[in-house]
Structure formats: C-alpha cells, structure tokens
Amino acid sequence: MSTQLSALAGQPAQAAQLVDVAKLVAAYYSLRPDPAVPAQRVSFGTSGHRGTSFDRSFNEAHVLAITQAICLYRQGQGIDGPLFIGIDTHALSAPAFESALEVLAANGVETLIAKGGAQCTKYTPTPAVSHAILVYNRGRKSGLADGIVVTPSHNPPDNGGFKYNPANGGPADTDTTGWIEAKANAFIEGGLTDVRRMAFDRARSAATTREHDFLSAYVDDLGSVIDFDAIRSSGIRMGVDPMGGAGVHYWARIADRYNVDLTVVSEEVDPTFSFMTLDWDGRIRMDPSSTYAMQRLIGLKDRYDIAFGCDTDHDRHGIVTPGEGLMPSNNYLAVAIDYLFQNRVRWSRNAAVGKTVVSSAMIDRVAARLGRKLYEVPVGFKWFVDGLLDGSLGFGGEESAGASFLRIDGTVWTTDKDGIVPALLAAEMTARSGRDPAGLYRDLTRDLGAPAADRVEAPATPEQKQKLAKLSPQQVQITELAGEPIDKVLDRAPGNDAPIGGIKVIAASGWFAARPSGTEDIYKIYAESFRGEDHLRILVREAQDIVDRALQEH
C-alpha cells in the first residue's frame with residue numbers, strides 16, 4: 001500500500017466538502033458513546049483524546065467524564081493551584097470548553113480562562129497554556145497549577161480534542177493519561193452519575209472562574225527566547241498565515257510589541273476552514289508541514305524574506321522561503337538545531353539535542369558535529385518534557401513540525417510544542433546570517449550529506465494499527481536493507497528505552513520506521529536515504545513489504 005494522493009490535493013475546498021457546523025455541534029450534545037464499542041471509548045493517543053461527534057468518539061459525555069477524571073487526578077496528586085484552560089478554533093472546541101467548565105466549577109477548581117472566554121471569542125495557543133503553567137509554578141513547591149487545552153491540533157474541522165498538561169507544563173505522560181482514560185471510561189460506563197457539574201452560566205460566574213490575559217503574558221515574554229533586536233535592525237519582511245487558528249490575534253500583537261515588519265496574511269476565523277486548500281487525501285487539514293495545505297502562503301512567498309504558518313492550536317510550524325517554498329520539516333529542525341547550539345552561548349555545554357525516532361538522521365550528524373549528546377525518543381512530545389524543564393535538553397523536535405527550545409539564558413520556555421517560537425527563530429536566523437533557512441540547510445548538506453526522505457501514509461483499521469504497534473525485530477525477516485547490511489532493528493528508542501510502537505530498521509546509508517498514527521486511522525512509513533532518490537524508493541518498497549506482511553498476519 002502507498003499514500004493515495006487525491007486529485008484534489010492542493011485545490012481550494014469546495015462547498016460540498018465543508019462540515020455542517022450546526023449538525024456537528026448538535027451531535028456533540030445528542031449522541032451518546034457506547035463504551036462497548038472500542039472506537040467510542042475515551043482514548044488518549046500521542047496527544048490527548050480526539051474524535052468527531054458524528055462518530056460518537058468526541059461528545060459531551062467524553063468531555064464531562066475526562067474533566068471529572070482530571071479533577072480526581074489533581075486531588076490525588078495534591079495539585080491545588082489554578083487550572084489554565086485554552087481552546088482553539090475548531091467548531092467542537094467551544095462546546096467542549098463549556099462542558100469542561102461546568103465540571104471544573106462544580107468541583108471547586110480555580111479555573112483561569114482567556115479574557116472574553118465566556119463567548120469563546122478569545123482563543124489560546126497550546127504554547128501559551130504551557131507558558132502560563134510554568135510561569136505560575138516557577139519557584140513554587142505547593143499550590144501548583146496545571147492546564148487543559150481543548151484542541152485536536154491540525155486534524156480536520158469535524159474533529160474535537162482534549163488534552164491535559166500537568167504541573168510540568170507539558171503533555172501528560174503515559175501513566176497519567178492511562179489513569180485519566182480508565183477513570184473517564186468508568187464514568188461513562190456508569191452513566192455519568194458520579195460526574196459533578198453545574199449549569200454553564202453558574203460556572204462562568206462562579207468565584208472560582210477568573211480571566212487570564214494569556215496573550216499579553218506570552219507575547220511580552222517572547223523577547224526572552226527570540227532576538228528581536230536582530231530581526232528589527234535587519235528590516236526583513238515577514239509574512240505569517242495563522243491558518244484560522246488559535247494564534248490568529250497573537251501575530252499582530254507581536255509585530256506591534258517588538259516593532260518588526262510582520263504581515264498577517266489573513267485573520268479570518270471560520271470553523272469550516274473553507275479558506276484552506278485540501279491536504280494529500282482531499283480532506284481539510286490545517287497541517288503547516290504539508291505543501292498541499294500550505295498553498296495560500298506558498299503562493300505569497302515572493303512577497304517576504306521569510307514566511308511561516310502554524311496549525312490550529314499553534315503548536316506546529318511551517319517555514320516558507322522565497323527560493324524553496326515550504327521547507328521539509330526535518331530540514332528546518334536540523335538547521336534550527338545547528339543555529340541554536342552555536343548562538344545560545346548561555347546554554348549549558350551539557351544540554352542535549354532531542355529528536356524522535358522518525359526525525360531525520362541529518363539531526364544525528366548535526367549533533368555529532370556540534371559535540372552534543374543526542375536524545376532519541378518515541379513519537380510524542382511528552383518524552384521531552386523533563387529535559388526541557390530542567391535544561392538538560394536545549395531543544396526537542398518532532399518530524400511532524402513540532403518543537404520547542406530553551407530561553408536565551410538556558411532556562412525553560414515551554415514544555416509543550418510551540419509553533420510560534422520556531423517560526424520566529426526562522427526570522428532571527430535570516431536576520432543574523434543574511435540567508436534564509438533553506439540556504440543554511442544547503443550549507444549543511446555540503447558538509448554532512450544530502451538525504452532524500454519520504455513519508456508514506458495509508459488507511460489502517462484499529463486492529464491493523466495494533467498489529468503494527470506490536471511489530472517486533474524478530475518479525476523483520478531480512479538481513480539487508482536496500483542492498484546494505486542491517487545495523488539495527490529497534491522497537492525501543494535509544495534515548496530512553498521506551499517502546500516506539502512500531503519498528504525502526506537502520507543501515508549505513510538509510511533507515512525506515514513504521515508505526516501507526518496515534519491520532520488518525522492511518523499508518524505511516526518514514527524513510528530516509530543518503531544515497532539519493534532511487535535508493536529511497538527501494539527503501540520504501542521494502543518497508544511496505546514488511547508492513548503488508550505484518551498486517552496480513554493473524
């Protein structure tokens with residue numbers, strides 16, 4: 001199987017493809033999940049619980065149950081400070097926010113919502129929630145804060161999502177999400193009788209519900225992580241496409257606060273996301289790492305010295321240069337790492353480079369040249385949280401265009417993915433070097449080799465995804481990969497020995513990894529070759545053969 005590229009990929013969305021928002025929201029309230037159906041149970045993937053109300057996989061019952069479980073988790077962990085809650089611009093985020101606040105208020109949880117949040121007119125990026133938690137908790141030993149972000153990230157417009165960030169500010173770890181998931185499903189099985197809630201109007205006016213200026217707190221602190229003086233003095237022209245997401249009103253404030261030449265190409269917010277171009281499969285998906293989804297900004301690339309976009313909750317970035325268009329996310333991660341570790345002189349000499357097992361081997365080569373330790377972990381930003389928190393990781397990045405890094409002084413900035421900061425870093429790089437990140441990447445390839453990479457996506461049932469997640473090195477019945485002896489077959493990450501939920505096969509000049517998606521019913525094959533496109537095609541073909549055999553096994 002291989003990625004089935006739709007003939008509509010990159011084309012404007014048509015009216016028939018737009019979600020009926022009224023029906024979607026009605027289904028959120030009217031349809032009840034059946035806990036006997038696995039696909040309708042609460043399930044935390046790599047980043048929270050996600051689903052759609054039409055399929056009974058993201059409905060009011062899910063949100064009420066998860067929120068009550070979070071309230072109990074907080075009690076059990078002694079987390080009794082405020083809970084920061086933010087939402088993105090998906091249609092299901094506003095009703096889910098209201099459901100969550102009804103439970104939080106009924107449980108007496110001090111809850112900080114964005115200014116204007118009663119009407120859900122103020123949206124909050126994921127990194128602004130992480131930032132708020134960390135700033136509040138700085139120096140505290142008790143009364144710690146945590147947070148909830150209501151977002152399915154870049155997923156299609158009919159999706160909803162709900163994730164919990166504990167007191168470390170980052171995505172909750174597997175033990176935490178497993179506990180919350182089990183407790184929430186038990187609440188649903190019990191008909192929600194043990195869920196405490198009150199009417200939304202009462203919850204909104206409760207003494208425990210207060211407003212917080214996420215926008216000002218985050219924007220005013222950006223100078224501690226980005227060199228705006230260099231950007232401003234260079235006079236470079238920047239363009240940004242918020243893609244109708246939660247950071248839509250942050251960018252103009254950034255431009256004003258730091259007096260930089262930054263143009264917001266559109267501030268339109270539309271829960272159908274009708275302004276998007278269709279992704280690889282003909283669906284609307286706000287993915288800034290996809291050339292198909294990013295056609296609007298790519299079409300404007302010649303107007304700016306550097307341009308960037310972010311997904312719906314602004315935890316992913318896409319970098320667009322005049323010469324290349326959208327940079328492959330792996331390429332930008334390598335350049336960002338190379339730049340940061342040479343220019344952040346106050347960072348610890350022991351600060352390591354964090355990457356996931358499906359990120360480019362170019363990062364390995366960059367880290368080796370820098371003399372920095374490489375910390376390679378499974379997919380999921382939660383694996384970087386502790387290292388970013390204590391400064392032992394200078395940078396953590398995922399192939400899917402998610403990253404965060406330390407403040408200029410070497411202390412923690414965010415412990416969740418931050419799309420805004422890597423985007424602004426592209427401007428800092430351009431300003432200080434006189435070359436955009438695509439040009440800087442070409443320099444890297446001259447020194448370290450030029451990899452060719454591909455990511456193949458194909459539909460997979462939940463049963464097929466489970467088979468692939470359990471694939472073991474013993475099932476890989478080959479000794480060569482694309483004509484080279486196999487060096488390693490991994491089912492656990494080298495950095496922390498955690499299961500990768502699939503396999504990674506490595507040879508001298510290339511590698512592939514195969515794993516199920518944690519958020520959608522697809523599987524992914526990642527492959528990379530330092531011997532060119534022809535060698536890459538062989539890699540991908542052999543990887544597909546292995547996956548196909550695994551999915552056919554009984």
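Heads up: the structure comes first, above all this text.
For every chain, the first residue of the written sequence is number 1, and numbering continues from 1 along that sequence. At least 70 in pLDDT is required for a residue's local features to be given in this predicted model, at least 80 for side-chain atom pairs to be given and counted, and no such filter applies to totals for whole chains, interfaces and linings, which use all residues. To get the side-chain values, all heavy atoms of the structure are used, and hydrogens and water are removed first.

1. Brief notes about the sheet that holds strand β8 (residues 238–241)
- An order of β9-β8-β10-β11-β12 is seen for the 5 strands of this open sheet, with the pairing classed as mixed. The sheet terminates laterally at β9 (262–264) and β12 (325–326), the two strands that pair on one side only.
- Any two residues having at least one pair of non-hydrogen atoms within 4.5 Å are treated as being in contact. To get an axis, a line is fitted to the C-alpha atoms, and for a helix only the part in contact is used. The angle between two axes follows their N-to-C directions and goes from 0 to 180 degrees. Put simply, DSSP marks the helices as runs of H or I at least four residues long and the strands as runs of E at least two long, and each gets a number from the N terminus on. This element, helix α14 (residues 420–433), spans β8, β10 (306–310) and β11 (317–321) of the sheet and lies at about 175° to β10. Only strands that DSSP links by at least two bridges are regarded as paired with each other.

2. Here's the deal with the pattern of salt bridges
- A pair is scored as a salt bridge if a Lys or Arg side-chain nitrogen falls within 4 Å of a carboxyl oxygen belonging to Asp or Glu. All chains considered together, the criterion is met by 34 salt bridges.
- Here Arg283 makes a salt bridge to Asp158, at a shortest N to O gap of 3.7 Å. Placement of Arg283 in the loop between β9 and α10 (295–298) and of Asp158 in the loop between β5 (146–150) and β6 (159–165) is noted, with a sequence separation of 125 residues between them.
- Three labels apply to residues, based on accessible area from a 1.4 Å probe with only protein chains included: buried if under 20% of the type maximum, exposed if over 50%, partly exposed otherwise in between. Arg283 gets classed as partly exposed once you look at its relative accessible area, which sits at 36%.
- The exposure class assigned to Asp158 is buried, which follows from its relative accessible area of 17%.
- Where Arg369 meets Asp338, a salt bridge forms, and the shortest distance between an N and an O atom there is 3.5 Å.

3. Some remarks on the pairing of strand β22 (residues 522–529)
- β22 sits mainly inside the fold: 8 of its 8 residues count as buried.
- Residues of β22 alternate between two faces, with Ile522, Lys524, Tyr526 and Glu528 on one and Tyr523, Ile525, Ala527 and Ser529 on the opposite face, all of them buried.
- Of the strand pairs in this sheet, strand β17 (residues 452–459) and β22 are connected by 8 bridges, and their pairing is antiparallel. Looking across to β22, one finds that Ala458 is bridged to Tyr523.
- Bridge analysis of strand β21 (residues 510–516) against β22 gives 7 bridges, and the strand direction is antiparallel. Note that in β22 the partner of Ala513 across the bridge is Tyr526.

4. Points about the packing of helix α7 (residues 214–221) against helix α9 (residues 250–258)
- α9 packs onto α7 with a crossing angle of 45° between their chain directions and a minimal axis gap of 10 Å. When the axis of α7 is compared with that of α9, the two are oblique. Considering how the two elements wind past one another, α7 and α9 form a crossing that is right-handed. Residues Phe214, Leu215, Ser216, Tyr218, Val219, Asp220 and Asp221 of α7 form the contact with α9, whose own contacting residues are Tyr250, Arg253, Ile254, Arg257 and Tyr258.
- In terms of residue class, the contact of α7 with α9 is made up of 7 nonpolar, 1 polar and 4 charged. What sets the label is the angle itself: under 35 degrees gives roughly parallel, over 145 gives roughly antiparallel, 65 to 115 gives roughly perpendicular, and the rest give oblique. Crossing handedness is defined as follows: a turn of the near helix away from the far one that is anticlockwise and smaller than a right angle gives a left-handed crossing, while the clockwise case is right-handed. In this classification, Asp, Glu, Lys and Arg are treated as charged, Ala, Val, Leu, Ile, Met, Phe, Trp, Tyr, Cys and Pro as nonpolar, and every other residue, Gly included, as polar.

5. Side note on the packing of aromatic side chains
- To pair, rings of Phe, Tyr and Trp, with the six-membered ring standing in for Trp, must have centres within 6.5 Å; the planes then decide the type, stacked if under 30 degrees apart, edge-to-face if over 60, and tilted in the middle. For the structure shown, the criterion picks out 15 aromatic pairs.
- For the ring pair Tyr73 and Trp179, a centre distance of 5.9 Å and an interplane angle of 55° mean the geometry is tilted. Within this pair, whereas Tyr73 is found in helix α2 (residues 60–77), its partner Trp179 is found in helix α5 (residues 174–189), the two being separated by 106 residues in sequence.
- Residue Tyr73 is classed as buried on the basis of its relative accessible area of 12%.
- Given a relative accessible area of 35%, Trp179 falls into the partly exposed group.
- Taking 5.2 Å as the distance between ring centres and 75° as the angle between the ring planes, the aromatic pair formed by Phe381 and Phe384 counts as edge-to-face. Pair check on accessibility: Phe381 and Phe384 agree, each one buried.
- Pairwise contacts between aromatic rings join Tyr28, Tyr29 and Phe58 into one cluster.
- As a reminder, the over-ring test applies to NZ of lysine and CZ of arginine, requiring each to be within 6 Å of the ring centre and within 35 degrees of the ring normal. In this structure, Arg257 packs its charged tip against the face of Tyr258, placed 4.8 Å from the ring centre.
- Looking at Arg365, its charged tip hangs above the ring of Phe530, at a distance of 3.5 Å from the centre.

6. Digging into the environment of Val412
- For Val412, the position within the fold is in the loop between β16 (402–405) and α14.
- For Val412, a relative accessible area of 18% gives the class buried.
- C-alpha of Val412 to C-alpha of Ala452: the two residues are 40 residues apart in sequence and 33 Å apart in space.
- Here Val412 is in contact with Leu134, Leu388, Leu389, Leu406 and Arg407, once residues within four sequence places are set aside.

7. Concerning the side chain of Asn155
- Tracing the backbone shows Asn155 in the loop between β5 and β6.
- Only 3.4 Å separates the side chain of Asn155 from the side chain of Arg50, close enough to count as a polar contact. Whenever a nitrogen or oxygen atom comes within 3.5 Å of another N or O atom, the pair is scored as a polar contact, on the condition that within protein one atom can donate a hydrogen and the other can accept it, and that pairs from neighbouring residues in sequence are kept only if both atoms are in side chains.

8. Considerations on the sheet that holds strand β18 (residues 480–481)
- Reading across from one edge, β17-β22-β21-β20-β19-β18 is the order of the 6 strands in this open sheet, with antiparallel pairing throughout. In this open sheet, the two edge strands, each paired with only one partner strand, are β17 and β18.
- Pairing between β18 and strand β19 (residues 484–492): 2 bridges, direction antiparallel. When the bridges of β19 are listed, Glu480 appears paired with Pro485.
- With respect to the sheet, helix α16 (residues 462–469) is in contact with β17, β20 (499–507), β21 and β22, its orientation differing from that of β21 by roughly 135°.
- Across the face of the sheet, helix α17 (residues 533–552) comes into contact with β17, β18, β19, β20, β21 and β22 while running at roughly 150° to β22.

9. Things to note about the side chain of Ser53
- Secondary-structure assignment places Ser53 in the loop between β2 (48–52) and α2.
- Setting aside residues no more than four positions away along its own chain, Ser53 makes contact with Leu24, Ala27, Tyr28, Leu31, Phe58, Asn59, Leu92 and Asp158.

10. Focus on the pairing of strand β3 (residues 83–87)
- Most of β3 is tucked away, with 5 of its 5 residues classed as buried.
- The path from the first strand over the helix to the second decides the hand: if it runs clockwise while the strands point away from the viewer, the crossover is right-handed. A crossover links β3 with its parallel partner strand β4 (residues 111–114), the connecting element being helix α3 (residues 93–106), and its sense is right-handed.
- Where β3 lies against β5, 5 bridges are found, and the strand directions are parallel. Residue pairing for β5: Ile85 is matched across the bridge by Ile148.

All we've got here are geometric facts, nothing functional implied.
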